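Per-entry structural report
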Amino acid sequence: MPTTIVAGGGSAGACVAARLVEAGDEVILLEAGPDYGPFDEGNWPADLLDPAQLSIDSHTWSYISASSTGTPDQALERAKVIGGCSAHNGCTIIWSHRIDYDDWLASGLTHWSTESFLPFLRKATDQVATWIPSYDEVTPFHQIAMDTAPTMGYPLLPNLMDMEIERGICTNPVNIQYGARWNTAFAYLDPLRGDPRLRIIGNALVDRVIVRDGVAVGVEVAGPDGPVHYEADRVVLCAGGYGSPLILQRSGIADPALLAPLGIDVVHPLAGVGQNLMDHPAVSLQFTGTPALTERLEAWVADGGLLREEGTTVLAASDRCPTAFDLHLYPVATRVSPGEWSVCLFTSVMASRSTGTVVISDRDPAAPPVIDHAYFSDPEGYDLDALLDGVRIARELAQHDPLVTYIGEEADPSRTAQTRQELAELVPTISRHNYHPACSCKMGLPDDPTAVVDQDGKVLGLDGLYVVDASIMPFIVRANTNLPVIAMAEKLAAGMSMQHASGGMQ
């Protein structure tokens, strides 16, 4: 019976581990954070279950942005716990637009057409217990936004999970079940806990992959009492847009010029590891709110309404961003304390073009990495122009009825920048990431010097080693990356299972 090591038990890793166990593999799932066990046992921290809040301050890797643009010393929150970021995110499930996967296909990735990917998007959507809240099930602030957007030409949409939709506003599909954030540990691992073929090990930080004669044969884990080795027939890295390239670099699988100053022997040169890092640059316009809005929101809480900060998405477009998915606007309402609310219009560039890097700073796996998203560095200046369009649209939304009656005045620091030139100077200093790091172990063809894995997720030039997570996206998708990543894991795990059945594991 083949043995597979899955490094990382997050959105992708939980799915890959479960599907390979179902296919007959023995799987060792190594998660750097804690494993709180099945949902039914009741041992999970309340903040990780609560779908009303982003639980980004607990169970974090404590990464800090090294980018010269964006909010200084910006926290790049990633979850360090079984279930990964699906255990602390905003619970929004979006497929993205057909144009993304069509672009993947056009780049030469013939296995990744929209039509071939759709079955796995549907499968992942069902597995994580997705449902679509009605108008009456989102907060009054989001209801007001839904009443306002159509007056600007953004009609009400029935469903965001539609590859063909154009501009509009809709309630966010969510992965919430039994009143809890239904993360991938619950969705994929709980049904298999107790299966002798699945071994889940928490608090196990994977340091490096062990390679012999061009074949990955196991991993070394940084344990509290020293290194621990696990051997297997196959290793699958699912450590995310930051974590997977860092493991490869510590393993000597990277650009030799990066490894030499750190004293790391080159095991396999791959220049693209840690390059091409992408995210969706964003900015948050804060507003004061009004007593009338506070009254409605407090009444909502008193009546037991589900208080979700992110309840709706506006799919916006402009002359610079003609595709409806190019810009997203998220009205956000946060209860700071009883009677005190923070409201904002969060806008993000989804068709972003700037690329950065994620590299290790030291051979020690506990050393903080250097993460530079290089926001707004694309040569054409598209990302900044597009985000300025998003700010303009958000301000227009705030001035339309009925939202203008409730949202109050725009607050500092953005309030002081009114002209496009003033905003162009301010936005790069206050912008932030959108929790979607991707593309740092890019999937591509063998003749692509920036590619790290092939269309099956297999690391180029090595056998037995795969990467399956957001890091292998060739271009970032125009959506929250969580559901597309789970669907990618479904598709690639299915391919690995077929290899298992045919005896062709490599």
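Our structure is the block above this text.
Below is a summary of the structure that appears in this document.

What counts and what doesn't
- Residues numbered from 1 in each chain as written.
- Predicted model: local features only at pLDDT ≥ 70, side-chain atom pairs only at ≥ 80, totals over all residues.
- Heavy atoms only, no water.
- Helix = DSSP H or I, 4+ residues; strand = E, 2+ residues; numbered from the N terminus.
- Rg over C-alpha atoms; globule rule 2.2 N^0.38 Å.
- Buried < 20%, exposed > 50% of the residue type's maximum accessible area, 1.4 Å probe, protein only.
- Contact = heavy atoms within 4.5 Å.
- Areas by Shrake-Rupley, 256 points an atom, 1.4 Å probe, with all protein chains shown as cover.
- Pairing = 2+ DSSP bridges.
- Right-handed = clockwise from strand over helix to strand, strands pointing away.
- 1 Å grid on protein atoms, 1.4 Å probe; cavity = no way out; pocket = protein on both sides within 12 Å on 5 of 7 lines; lining within 4 Å.
- Points joined across faces, edges and corners; volume = space filled by probe spheres on them.
- Nonpolar A, V, L, I, M, F, W, Y, C, P; charged D, E, K, R; others polar.
- Axes fitted to C-alpha atoms, helices over the stretch in contact; angles between N-to-C directions.
- Parallel < 35°, antiparallel > 145°, perpendicular 65-115°, else oblique.
- Left-handed = near helix turned anticlockwise from the far one by under 90°.

1. Re the overall build of the protein chain
- Within the protein chain one finds 13 helices and 20 strands.
- Radius of gyration (C-alpha) of the protein chain: 22 Å, near the 23 Å computed for a compact globule of 506 residues.
- Dimensions of the protein chain, computed from C-alpha atoms along their principal axes, come out at roughly 65 × 50 × 45 Å.
- Of all 506 residues assigned to the protein chain, the portion counted as buried reaches 61%.
- If you take every contact in the protein chain between residues at least 6 apart in sequence, the share linking residues at least 24 apart comes to 71%.
- Roughly 18100 Å² of accessible area belongs to the protein chain as shown, and the carbon and sulfur atoms make up 52% of that amount.

2. With respect to the pairing of strand β1 (residues 3-7)
- The buried fraction of β1 amounts to five of the five residues, a majority that puts the element mostly inside the structure.
- Relative to strand β2 (residues 26-30), β1 runs parallel, the two being bridged by five bridges. Bridge assignment links Thr3 to a residue of β2, and that residue is Glu26.
- Note that the unit made of β1, helix α1 (residues 11-22) and β2 has a crossover that is right-handed.

3. Regarding empty space enclosed by the protein
- A full pass over the atoms with the stated rule returns three cavities of 30 Å³ or more.
- Taken as a whole, the largest cavity holds about 50 Å³ of empty space.
- Lining the largest cavity, in full, are Pro133, Glu137, Val138, Thr139, His142, Leu306, Arg308 and Gly311.
- Tallied by class, residues from the lining of the largest cavity come to three nonpolar, three polar and two charged.

4. Structural notes on the environment of Pro291
- Tracing the backbone through its elements, the reader meets Pro291 in helix α9 (residues 291-302).
- The exposure class of Pro291 is exposed, given its relative accessible area of 71%.

5. Regarding the sheet that holds strand β14 (residues 282-287)
- The antiparallel open sheet is built from five strands, whose spatial order is β4-β15-β16-β17-β14. Bordering the open sheet on either side are β4 (168-171) and β14, each of which pairs with just one other strand. Geometrically, the sheet is characterised by an average inter-axis angle of 25° between neighbouring strands, direction not taken into account.
- Along the sheet face, α9 touches β16 (327-337) and β17 (340-349) and points at about 100° away from the line of β17.

6. Remarks on the packing of helix α10 (residues 382-398) against helix α12 (residues 420-430)
- Across the interface, α10 lies against α12 with an axial gap of 10 Å and an inter-helix angle of 110°. Compared by their axis directions, α10 and α12 come out roughly perpendicular. Pair α10 / α12 crosses with right-handed handedness. In contact with Leu384, Asp385, Leu387, Leu388, Asp389, Val391 and Arg395 of α10, α12 contributes Arg420, Leu423, Ala424, Val427 and Pro428.

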